[in-house]
Amino acid sequence: MAVTTRTLGRSGIEVSALGMGCWAIGGPWAEGSQPLGWGAVDDDESVRAIRHALDLGVTLFDTADTYGAGHGERVLGRALAGRRDEAVIATKWGWTFDEATRQATGDDPSPAYLRRAVAHSLRRLGTDRIDLYQLHLADLPVPRAEALVGTLEDLVAEGLIRAYGWSTDRPDRAAAFGRDARHATAVQHTLSVLRDAPELLAVCDKYDLASVNRGPLGMGLLSGKYTAGSTLPRDDVRGVAPGWLEWFRGGRPAPEWLRRVTAVRAALTADGRTLAQGALGWLWARSDRTVPIPGCRTVGQVEENAGALRRGPLPADQFAEVERQLAALRSAALRDADRPHRPTPGLPTARP
């Protein structure tokens, strides 16, 4: 059964059930020598991809001011010129950067910076309002985040943003906004068939928040094109993976995650879907609050992902088979040889 739209939490904003993640279209940027982008990108192809997504019924576009050190917002604004009212724009703030050098420079969780950041994002996006404005500092202490709510409410009252949320994998952070912030409407967090997030989904249910799913395809692992022998280029964040990026290690797919892909491939594709479409269908079957935002850089990627909308959620029996295949892997400890290089896997604290 096809699924085409969902409501963005308690905001009442209707969005396509599938969004488009715009991290990759920001192009190169870095923190010192650590790449934070996905390598070189063709801006014209990015614009075509965004416009084609609109044509196929995708209305939610998720970016951040720091992607490409501002460049990602500029590309999205260019693509939506003349079609702004067809789209729902989500962006983020909190990390600081230098647009000229394309370098990340730190963070600033102050209300004053929030005011400056929203003004700059509106200018780069070429719009008069942001539909969903998200705090990008995943681990910010709750009291410091709560100190921003008054300014966010002022921005809603002024018509500069329609609603706001927090990009975090911490249930206590998501709950703080959901409990106390009037126009909070979403939490963006890691969720995929490879990594479930039951506590965060429970927070979304309790406080009527949308679950905006970053990494729904495991940063490409669920595209089906990577194997144990694949090597990512060094200008790609996955090729020189920082500690917060769990899917790749040493420029190669992490073996513990490839095992999970192998375990669920047959069940996800049993009814003729591609692997990526099956992974997106799993998310819609998992919860009626989920809005996955797979990243896209090309028209072809947009077409494959948008094809999942026609397929809809996985049928109950297919979903159950995926869960059966994953049960042992989810409950078993990772083999020592496959452990990530961090001391413990823990919760992802995704920089992007």
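Everything in this summary refers to the structure shown in the same document.

What counts, and where the lines are drawn
Each chain carries its own residue numbering, running from 1 in the written order of its sequence. For a predicted model such as this one, the threshold for reporting local features is a pLDDT of at least 70, and the threshold for listing and counting side-chain atom pairs is 80 or more; totals across whole chains, interfaces and linings nevertheless cover every residue. As a rule here, side-chain values cover all heavy atoms of the structure and leave hydrogens and water aside. Per-residue accessibility, obtained with a 1.4 Å probe over protein chains only, is compared with the maximum for each type, and a residue is labelled buried under 20%, exposed over 50%, and partly exposed between these values. Going along the chain from the N terminus, every DSSP run of H or I of four or more residues is numbered as a helix, and every run of E of two or more is numbered as a strand. Paired strands, as defined in this entry, are two strands with at least two bridges between them according to DSSP. A clockwise course of the path from the first strand over the helix to the second, judged with the strands pointing away from the viewer, identifies a crossover as right-handed. Where helices are involved, their axes are fitted lines through C-alpha atoms of the stretch in contact, as for all axes, and angles between N-to-C directions lie from 0 to 180°. Should an angle fall under 35 degrees it is called roughly parallel, over 145 degrees roughly antiparallel, and 65 to 115 degrees roughly perpendicular, with every other angle called oblique. The sense of a crossing depends on the near helix, which, turned anticlockwise from the far helix by less than a right angle, makes the crossing left-handed and, turned clockwise, makes it right-handed. Any two residues having at least one pair of non-hydrogen atoms within 4.5 Å are treated as being in contact. Under the convention used throughout, the expected extent of a helix is 1.5 Å for every residue step, that is, one less than its residue count. Two N or O atoms count as a polar contact when they lie within 3.5 Å, although within protein this holds only if one can serve as hydrogen donor and the other as acceptor, and sequence-adjacent residues are included solely when both atoms are side-chain atoms. As defined here, a cavity is a set of points on a 1 Å grid over the protein atoms alone where a 1.4 Å probe fits but cannot get out. A pocket is an open set with protein on both sides within 12 Å along at least five of seven lines, and residues line them when an atom is within 4 Å of a point. Grid points are joined across faces, edges and corners, and a volume is the space filled by probe spheres set on the points. Only Phe, Tyr and Trp rings take part, Trp by its six-membered ring, and two of them pair if their centres are within 6.5 Å. Stacked means planes under 30 degrees apart, edge-to-face means over 60, and tilted covers everything else. For this scheme, ten residues count as nonpolar: Ala, Val, Leu, Ile, Met, Phe, Trp, Tyr, Cys and Pro. Four count as charged, namely Asp, Glu, Lys and Arg, and the remainder, Gly too, count as polar.

Quick word on the pairing of strand β12 (residues 184-190)
- Taking burial as the measure, the 7 residues of β12 include 7 buried ones, the bulk of the element.
- Summarising the sheet, strand β11 (residues 161-167) and β12 pair through 4 bridges and their orientation is parallel. Looking across to β12, one finds that Trp166 is bridged to Val187.
- Handedness of the crossover joining β11 and β12 through helix α6 (residues 171-180): right-handed.

Side note on the sheet that holds strand β3 (residues 19-21)
- As summarised here, the arrangement of the 8 strands in space is β3-β6-β7-β10-β11-β12-β13-β16, forming an open sheet in which the pairing is parallel. Each of the sheet's edge strands pairs with one partner strand only, and the pair in question is β3 and β16 (290-292). Mean inter-strand twist for the sheet, computed between neighbouring axes without regard to direction, equals 25°.
- Bridge count between strand β13 (residues 210-214) and β16: 3 bridges; the pairing is parallel. Opposite Asn213, over in β16, you have Pro292 as the bridge partner.

Things to note about the packing of helix α1 (residues 43-55) against helix α2 (residues 71-80)
- For the pair α1 and α2, the least separation of the axes is 9 Å and the interaxial angle reads 55°. For the element pair α1 / α2, the angle class is oblique. Remark: the crossing between α1 and α2 carries right-handed chirality. Of the residues in α2, those in contact with Asp43, Asp44, Ser46, Val47, Ile50, Arg51 and Leu54 of α1 are His71, Val75, Leu76, Arg78, Ala79 and Leu80.

Looking at α1
- Counted at 1.5 Å a residue, the expected span for α1 with its 13 residues is 18 Å, and the 18 Å between its end C-alpha atoms agrees.
- If you check which residues of α1 are buried, you get Glu45, Ser46, Val47, Ala49, Ile50, Ala53 and Leu54.
- In the core, the buried residues of α1 are packed alongside β3, β6 (60-62), α2 and α10 (299-311).
- Its side-chain oxygen 2.9 Å from the backbone nitrogen of Asp44, Asp42 forms the N-cap of α1.
- Count one or two residues on from α1 and you reach Gly57, which has phi positive near 100°.

Points about empty space enclosed by the protein
- One pass over the structure, following the stated rule, counts 2 cavities of 30 Å³ or more.
- Taken as a whole, the largest cavity holds about 50 Å³ of empty space.
- Every residue along the wall of the largest cavity is listed here: Leu18, Gly19, Met20, Ala53, Val58, Cys296, Val302, Asn305 and Ala306.
- Breaking the lining of the largest cavity down by element, the ones donating at least two residues are β3 and α10.

Section: the packing of aromatic side chains
- For the structure shown, the criterion picks out 9 aromatic pairs.
- Ring geometry for Trp166 and Phe177: centres 5.0 Å apart, planes at 50°, overall tilted. Linking Trp166 in strand β11 with Phe177 in helix α6, this pair joins segments that are 11 residues apart in sequence. You'll find Trp166 and Phe177 in the same group, each marked buried.
- The interplanar angle of 20° and the centroid separation of 5.8 Å between the aromatic rings of Trp282 and Phe319 together place this pair among those described as stacked. Remark: Phe319 occurs in helix α11 (residues 316-331) and Trp282 occurs in helix α9 (residues 275-286); sequence separation between them is 37 residues. The burial state of Trp282 is the same as that of Phe319; both residues are buried.

Things to note about α9
- Along its 12 residues, α9 runs 17 Å from first to last C-alpha, staying within 8% of the 16 Å computed at 1.5 Å per residue.
- Across the 12 residues that make up α9, a large majority, 10, are buried.

Some thoughts on the layout of surface pockets
- Taken as a whole, the largest pocket encloses approximately 690 Å³ of empty space.
- Along the wall of the largest pocket there are 37 residues; nearest its centre are Trp38, Met219, Gly220, Pro294 and Gly295.
- Elements represented by at least two residues in the lining of the largest pocket include exactly β12 and α10.
- Per-element accounting of the lining of the largest pocket gives the leading share, 3 residues, to α10.

What about the packing of helix α3 (residues 111-125) against helix α5 (residues 149-157)?
- Following both chains from N to C, one finds α3 and α5 inclined at 30°, their axes separated by 9 Å at the closest point. As the angle between them shows, α3 and α5 are arranged roughly parallel. Every pair of crossing elements has a handedness; the one defined by α3 and α5 is right-handed. Residues Pro111, Leu114, Arg115 and Val118 of α3 lie in contact with α5, whose contacting residues are Thr151, Leu152, Asp154 and Leu155.
- Along the lines of polarity and charge, the residues of the contact of α3 with α5 split into 5 nonpolar, 1 polar and 2 charged.

Regarding the side chain of Ser211
- Note that Ser211 resides in strand β13.
- Take Ser211: its relative accessible area is 0%, and that puts it in the buried class.
- Engagement of the side chain of Ser211 in a polar contact is seen with the side chain of His189, the distance being 2.7 Å.
- Look past the residues within four positions of Ser211 in its chain and what remains in contact with it is Val187, His189, Leu191, Leu201, Cys204, Arg289, Thr290 and Val291.

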